[in-house]
Amino acid sequence: MTRLLPRTAPPIRAGGLVAATALLLAAAPPAAASAAPTSAAPVFALGGPAETALHPYAEGGDGPKRSTARITVTGADDTAYEGEFTVTFDLTGVAAVADVAFEPEAGIECATTAPGSATCTGHGISPGRSTVTDLLLTAAKGSEQGGTGTVRVTGEAEGAAFTPFTTQVTVGGPDLVMHRLPFDHEPVPGQKQQAPITFTNRGSRAADGVLLTLRHSRGLDIPQRYSNCAYTTDEAWTTARCTVEGAFEAGATYTLAAPLTLKTTDRAYRDIFTYGIHEAGTGTGRGATPARATRGTAGDVLRAVPAPRPMTARALDLEPGDNEHEADFRTGNTADFVAYGDTASGEAGATVTARVGFRNDGPAWIGHLRSGESVAAVDFTVPQGATVTSAPEGCQGVSAEGTALPSGWSGPAPRYVCPTPATVRDGGGLDLSFGLRIDKVLLGAVGRVVVRGPELRAAGLPFDPEPGNNAARVVLNGASGGPSPAPSEGPGDGASGTPGSATPTPGGAGAGTGAGGTVAPGAARHTATGDGGSLAATGSSTAMVASGLALTALTAGLVLFLGARRHRRA
């Protein structure tokens, strides 16, 4: 509502000012009515495991073995609740099946409120998913194998709503434990290792079929393909989900009818192999099989058979670590990162595109799968006399020395650092497009492109056997319009992989010399074409000599022409 201030009110005679004011106040709606309508009450979802298996009750020893069911509350990522809330547990459904204890999250208190009922209270719910409490479950004395019941969870809070949740508790079940394989973790390219996947059912009943999940990174391969396996492949990983039919008895150990072969390929460098086992149909493992998955060769079936002799297995443990193992491999291999630059020409005021980057000539792929950190960075020093008008998303402007720009800097920069993703495939790389405005035409103005380590203080690429091709040039208004010899070796060239000083050019003081511009993130990337090799500039001194000779010849010709005209007039 717009308020009517005295200076904007229509003229009112002095005698009626009080009455008019009273009429205005009476006509105005109450303050509460003018407020914006309140948003809908937030809704929080209670959740946890759909089913929890309990070890059968056992007398003596350390007592019954405990299972854990974590109860969570989830709201929208941008929704928080600041008031008090209560979560109530109806335990009457598991009275003869399980004994329940609580291990609440910090700041939450849980207590039994009546036979078969308990509550947890707390203050404030954070956005996203958070834990309310862990239910500590043990089989009740007198419970029978296969006995089952449910725990119902509800919530309430002023001004908020909760969706209820129910979890099923069952006494007994399979407990599949994967055996760790004794791999050679420092293989050489081309090496093959047998992978006799072996698992034990340490539970109290048979597993009705199992789901074997095999996942390996790009530098590894399992040549065998099976009709009962679904395969998916992305940029870094290949995953096989194999459904193996049969009854896998409690206390028995099983192995594959024929061992798998894990091959270290020519592209291997730092790789991971994950192998896990779960009961079929339980929804565990690494998600459902995607629709794009492909099946293996028809008629070739992956089978598991009883192990020929007893094998040592880990003690009974219901933690997920029993079901899955990971193996890391470090392969002695190399990857040649080759930088490429570009050439462009234009008049003063024109904007041109410089396409720069690098390609991985292999043979290895490089992936930081554990840390997720960038593999490398492309370091681009802008040619003199030019200003960046658009830069690819993710590229950061830095000073000419490679240090951070002052806080609040919003204009173009003399240099840009563009990190790679955490994986760079063999044959892949990073392709970047920069928009450059030519503020001043300088013949053979040179910029520099270097592919280096992600940190300036550690700029080397330890896997790259050819550091000499880690640098290339960007040339504006070169005399010949084409590439010239590669950058000379010098400070910042070669093994260090760090940018050196660009070749001096007459006039100008580097990037950003002309009128200011703004960096436009999100400029389109491009796909490198051609051989992608290092492009270098014709040196500015050569261009100046050529220009001087041309100017001398032109002047001499003009003098001879004028002299001839004067001679004819005489």
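Notes on the structure in this doc start here. Bear in mind that the values here come from a model prediction, so they are computed numbers and not experimental data.

Moving on to the environment of Gly48. Turning to its location among the elements, Gly48 is positioned in the loop between strand E1 (43–47) and strand E2 (51–54). Sequence separation between Gly48 and Leu135 is 87 residues, and the spatial gap between their C-alpha atoms is 9.9 Å.

In terms of nonpolar packing, the biggest core is built from 39 residues, with Phe337, Ile366, Leu432, Phe434, Leu436 and Phe463 touching the most fellow members. Here this core gets five residues from one element, more than from any other, and that element is strand E34 (residues 429–438). Met178, Val210, Ala240 and Leu262 belong to the second-largest nonpolar core, a separate cluster that totals 31 residues.

Bringing the state of the cysteines into the picture now. Inspection of every chain in the model, using the stated rule, returns three disulfides. Between the sulfur of Cys110 and that of Cys120 lies a disulfide, 1.9 Å long from S to S. An S-S torsion of about 110° defines the bridge between Cys110 and Cys120 as right-handed. One end of the pair, Cys110, is in strand E6 (residues 109–114); the other, Cys120, is in strand E7 (residues 117–125), with ten residues separating them in the sequence. Residue Cys120 is classed as buried on the basis of its relative accessible area, which comes to 0%. Linked covalently through their sulfurs, Cys395 and Cys418 form a disulfide whose S-S length is 2.0 Å. Since a negative S-S torsion denotes a left-handed disulfide, the Cys395-Cys418 link at about 115° is right-handed. Separated by 23 residues along the polypeptide, Cys395 in the loop between strand E30 (386–390) and strand E31 (396–398) and Cys418 in strand E32 (residues 415–419) bring together distant segments of the chain. As far as the burial class goes, Cys395 and Cys418 line up, both buried.

All right, on to the pairing of E2 then. The side-chain alternation of E2 yields one buried face, formed by Thr52 and Leu54, and one unburied face, formed by Glu51 and Ala53. Here E2 runs beside strand E11 (residues 165–171); their pairing, made up of four bridges, is parallel. Following the sheet pairing, Thr52 is matched in E11 by Val169.

A separate point is the sheet that holds strand E14 (residues 198–201). Pairing is antiparallel in the open sheet, where four strands are placed in the order E12-E14-E19-E23. Strands at the two margins of the open sheet, each flanked by one partner only, are strand E12 (176–178) and strand E23 (304–306). Here the strands of the sheet are splayed against their neighbours by 30° on average, with no regard to which way each runs. Judged from the three bridges that link them, E12 and E14 form a sheet pairing that is antiparallel. Residue pairing for E14: Met178 is matched across the bridge by Phe199.

Attention now goes to the sheet that holds E32. Adjacent strands of a sheet pair through backbone hydrogen bonds, lying either parallel or antiparallel. Ordered in space as E26-E36-E35-E29-E32-E31, the six strands form an open sheet in which the pairing is mixed. Pairing within the sheet leaves two strands with one partner each, and these edge strands are strand E26 (342–344) and E31. Between one strand axis and the next, the sheet turns through 20° on average, direction left out of account. With six bridges connecting them, strand E35 (residues 445–452) and strand E36 (residues 471–476) associate as antiparallel partners. Residue pairing across strands places Val450 opposite Ala471, the latter belonging to E36.

What counts and what doesn't
Residues numbered from 1 in each chain as written. Predicted model: local features only at pLDDT ≥ 70, side-chain atom pairs only at ≥ 80, totals over all residues. Heavy atoms only, no water. Helix = DSSP H or I, 4+ residues; strand = E, 2+ residues; numbered from the N terminus. Core = buried A, V, L, I, M, F, W, Y, C linked by side-chain atoms within 4.5 Å. Buried < 20%, exposed > 50% of the residue type's maximum accessible area, 1.4 Å probe, protein only. Disulfide = S-S within 2.5 Å. Pairing = 2+ DSSP bridges. Axes fitted to C-alpha atoms, helices over the stretch in contact; angles between N-to-C directions.

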